[in-house]
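Read off the chains here:
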Amino acid sequence: MSEWEPKIVSFLCNWCSYGAADLAGVGRMEYPANIRVIRIPCTGRMSPKFALAALREGADGVWVSG
Amino acid sequence: MSEVKNIKGKVGNFEVEIVRHPRYVDESLCIACGACFEKCPKKIPDTYNQGLAKRKAIYVEYAQAVPLKYRIDPETCIYIQKGGKCGACKKLCPTGAVDFDQKETTQTLNVGSVVLAPGFKPFDPSGFDTYNYANLPNVMSALEFERILSASGPTTGHLVRMSDGREPKKIAWFQCVGSRDINRSDNAYCSSVCCMYAIKEAVIAKEHAGDDLECTIFYMDMRTMGKEFERFYIRAQEKGVRFVRCRVHTVDPVPGTDDLHIRYVTDDGELKEEIFDQIVLSVGMQTPPELVELAKQLDLELTPGRFCKTDPFSPVSTSREGIYVCGAFQGPKDIPQSVIDASAAASAAGEVLSAARNSLTKVPEVVPETNVINERPRVGVFVCRCGVNIAGVVDVPAVAEYAKTLPYVEHVVDNLYSCSQDTQDIMAEIIREKNLNRVVVAACTPKTHEPLFQETLINAGLNKYLFEMANIRNQDSWVHKNNPEMATEKARDLVRMAVSKVSLTQPLKEAELDVNQAAMVIGGGISGISAAKSLAKQGYETHIIEKGERLGGQAWNLYRLPSGDNVKKRLTALVEEVEKEPKIHVHLNTTLASVEGFVGNFKTTLQNGGAQDVLEHGIAVIATGASEYKPSEYAYGDDPKILTSLELDRKLMDDDDLVKKAESAVFIQCVGSREPDRPYCSRICCTHSVHNAIELKRRNPDMNVFILYRDIRTYGEKEYLYQEARKLGVIFVRFTLEKKPEVRVEDGSVIVRVIDHVLGVPMEIEADILTLASAIIPNADEKLAQFFKVPMNEDGFFVERHAKLGPSEFATDGVFLCGLAHYPKPIDESIAQGRAAASRAVTLLARKKIHTSGQVAEVNPGWCSQCGVCVSVCPYSAPTFRGADERFWPEKAEINAVLCKGCGLCVASCRSGAIKLKGFDNDQIFEQIFSINEAI
């Protein structure tokens, strides 16, 4: 179990969090690679169905940020 | 990296001499990969982080820098300082961008007008020996503390003390360090921003460190006179930030610890001692000496505080015609005011140049668009190596190989640098040759490079929306460099997700719409006429709609400005100028009966008595002003000696007997402002009363003048008035909200009773004139708000697009805002905002046509259940209901593509699933989600 890594799907707002994730790269910060980012135009676009679909597809966590 | 050395010539034909310092990096070649930075051996204090962290001699100042290009600091670079003994960056740079041979160059620009925005330098507190800033690491400047709180700062936002890395439990802020101080600095003015930023820092510090962090702010007057600032101050008090009114003299180290000991006196005269873990000095703004020197060289007049001198009726014009000023060089100010000034200066500079507008434009060649509708997707995938930036971590050939196996993928290439001009040409060629109809670029980030690659698609004859990026650099190789396998795996997933999304994209159309070139300004007060004047001078037919009988508004009620200007005289001249302007059409005694349409195409019905008239216009400026609160407190109305501020102005104008015969005058501040049911500061009343107190003292030096106040808020260089008033013997008595003064009228005398804040005993003053500095209350016009679908806050002021960055416009396109309808402000700031609103409007009018984005929401009217959620949630007023009498789909919702910003709020909110967001539609996002499962 110690090697278990959660799989995380994130929905990031184009204007803030997605840009922040880019800046994390510019700043060469490091974080685990078990995250997949889906860019959305605004967190207002986020639908509960997206979170459910991600969980159904095997994600262990869904992160919405904006 | 460039400096202005001199400006010769005059308005319309300036010659600006510019010295450009060498970057030692070729901007056209640098791709900001950071290889140089990693290998540079020279570590020096990081100026951006206020010296709290280290950086290298080759650097970008901060992550958000534009352009994102490295530069070499010649003062510290080993190669430059020691004659060629290093050059590691040059050897390592994959694009050969490092160029030690670059020299300083001089350039002369020929321009018609100039805007100065050189900013300020924070005050350096090293000279205050009693604060021990230079010696004690836990005494820091507010800017240093900002970096400690910042996620991109030296401690990544973790709140610790610099001396020992321990989390502080008690922090104190000292206000007015290098401001309002002629003792230890030369800065007599108030820096306007420090009270607010200290409160903000205290609140954020508590958010970072937890509520048990004790924050104390030591201040003289709390100056939260900006929009929504007073509420923030109240909330900070509720959150437990302690406010102590005292200017602390000395900070002593506590021997054997890194703690700090201070002594201070409380309001009731008690001497207290306290120990803090950390002390933050709220340093003020000042004009740096080199800027004072430049101003001298450019022949610009400065104020006593060494800011650029301007006239209140032309607040962004310097003493030299054609040279304009904005920001903190014009006077200490916060972000919203700087943004307002910036727009106003742009407008002023544009007025001079309006004749030359569009005389140097070039029209790009348009490649006809290929029709790909109903074609099977043929996806081209371009995987970028970005030198070693991606390829050094991610196995790019493996990702490219993998991409070939994905559905609909026809062609895959890996590029060394996808963004280089020659690669762009090759990509366009490949798109045409392989007949590709969808493109994926796996490279850096769409935030910076999507427009560039879309341009390539357009050049290849493809609709630019048939494109998707996979972010395998910023969000992959750069952040997982120690895990190449996982990074490669992630890159595969990101490419697959992008391919599955792009296969479902359709070409999108960008609608084009003509912008009616006429402007309408609602409100003929000073901000409205300033906006109109500016619009007309830039060549636009402008209509001023004024409900009253004449132009000028509230300003007619004012006597003199703090500058000494006679308002009536200046205003008369301004109104005459406006009335003579052929492009300005004044509609007096006129109101709005209805407004139809939207940005670029408004149709407004004007009502003048019984007559109606229709006006078509492209933009609207709301300048509906505010009025004076008529007090219900302090016995107002019971005696003719009790006046409001404007009534006193009238008496001063008329040289009334009341003023002539008065031997004592009392002003009571915050009448109706900063009260529980009106929790905002009216911003101008302190200055107004102090100025009138001086006027009374000038007319009769023997008059006893008292100002009863809570905090004196003479911000910026208005502070000099406060000093002058005290010098002239005006007596300032402080009171609190809990213990307000009492006024009674007794046998024809007006008696004011107040508790003296020094002695703590009640005193009574017989006032021959009692002036109530009453609040400014907005003309909260619900109907107008509904006409233009613009919001109002709970106080009745209109809500701008963005409190800091969009103060003179609304979120609804084509509608702009200025003057008192936005927030109380003095004449100079009203004029600046009038011009700012005009400036923002011209950015729209000058385009003549609006191009909408293709990525907008669209309603399927057959599925619409008319619930109205989309209409109510949209911040941009894009959805509306069709008319009941329309032939097709009556009363169903529709979305105006011109107003839609593509946020998708309506899409997610639509109960019936009737709204699509083109470019980010459900099927596309679901397809991305579905293609994740192989991945994770």
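Fair warning: this is a prediction, and the values are worked out from it, not measured in the lab.

Concerning the sheet that holds strand β31 (residues 619-622) of chain B
Residues and elements named next belong to chain B.
- Ordered in space as β27-β26-β25-β31-β42, the five strands form an open sheet in which the pairing is parallel. Taken across any chain shown, the strands that pair with only one partner, and hence form the sheet edges, are β27 (584-587) and β42 (815-817). With direction set aside, neighbouring strand axes in the sheet form an average angle of 20°.
- Across four bridges, the pairing between strand β26 (residues 542-545) and β27 is parallel. Within β27, the residue paired with I544 across the bridge is V586.
- Relative to β26, helix α15 (residues 526-537) is tilted by about 170°, and along the sheet it contacts β25 (519-522), β26, β27 and β31.

Remarks on the packing of α15 of chain B against helix α22 (residues 827-845) of chain B
Residue and element names in this part refer to chain B.
- Contact geometry for α15 and α22: axes closest at 7 Å, N-to-C directions at 40°. With respect to α22, the element α15 is oriented oblique. You can see that α15 and α22 cross each other, and the crossing is right-handed. The segment α15 lies against α22, with I526, S527, G528, S530, A531, S534 and L535 engaging I827, S830, I831, Q833, G834, R835, A837, A838 and A841.

With respect to the pairing of strand β12 (residues 214-219) of chain B
Residues and elements named next belong to chain B.
- For β12, the tally of buried residues reaches five of six residues, placing the bulk of the element in the interior.
- For strand β11 (residues 170-177) and β12, the ladder comprises five bridges, and the chain directions are parallel. Paired with A172 across the strands is T216, a residue of β12.
- Where the polypeptide runs from β11 across helix α5 (residues 194-209) and back to β12, its parallel neighbour, the crossover connection is right-handed.
- As defined by bridge partners, β12 adjoins strand β13 (residues 242-245) across four bridges and the pair is classed as parallel. From the neighbouring strand, T216 faces β13, where its bridge partner is R242.
- This β-α-β element, β12 to helix α6 (residues 229-238) to β13, shows right-handed connectivity.

Overview of the sheet that holds β13 of chain B
Residue and element names in this part refer to chain B.
- With parallel pairing, five strands are arranged side by side in an open sheet as β10-β17-β11-β12-β13. The open sheet terminates on both sides in strands that have one partner only, identified here as β10 (139-141) and β13. Direction aside, neighbouring strands of the sheet carry axes that sit 25° apart on average.

Conventions used here
- Residues numbered from 1 in each chain as written.
- Chains lettered and ligands numbered in written order.
- Predicted model: local features only at pLDDT ≥ 70, side-chain atom pairs only at ≥ 80, totals over all residues.
- Pairing = 2+ DSSP bridges.
- Helix = DSSP H or I, 4+ residues; strand = E, 2+ residues; numbered from the N terminus.
- Axes fitted to C-alpha atoms, helices over the stretch in contact; angles between N-to-C directions.
- Contact = placed C-beta atoms within 7 Å.
- Parallel < 35°, antiparallel > 145°, perpendicular 65-115°, else oblique.
- Left-handed = near helix turned anticlockwise from the far one by under 90°.
- Buried ≥ 20, exposed ≤ 12 C-beta atoms within 10 Å, placed from the backbone.
- Right-handed = clockwise from strand over helix to strand, strands pointing away.

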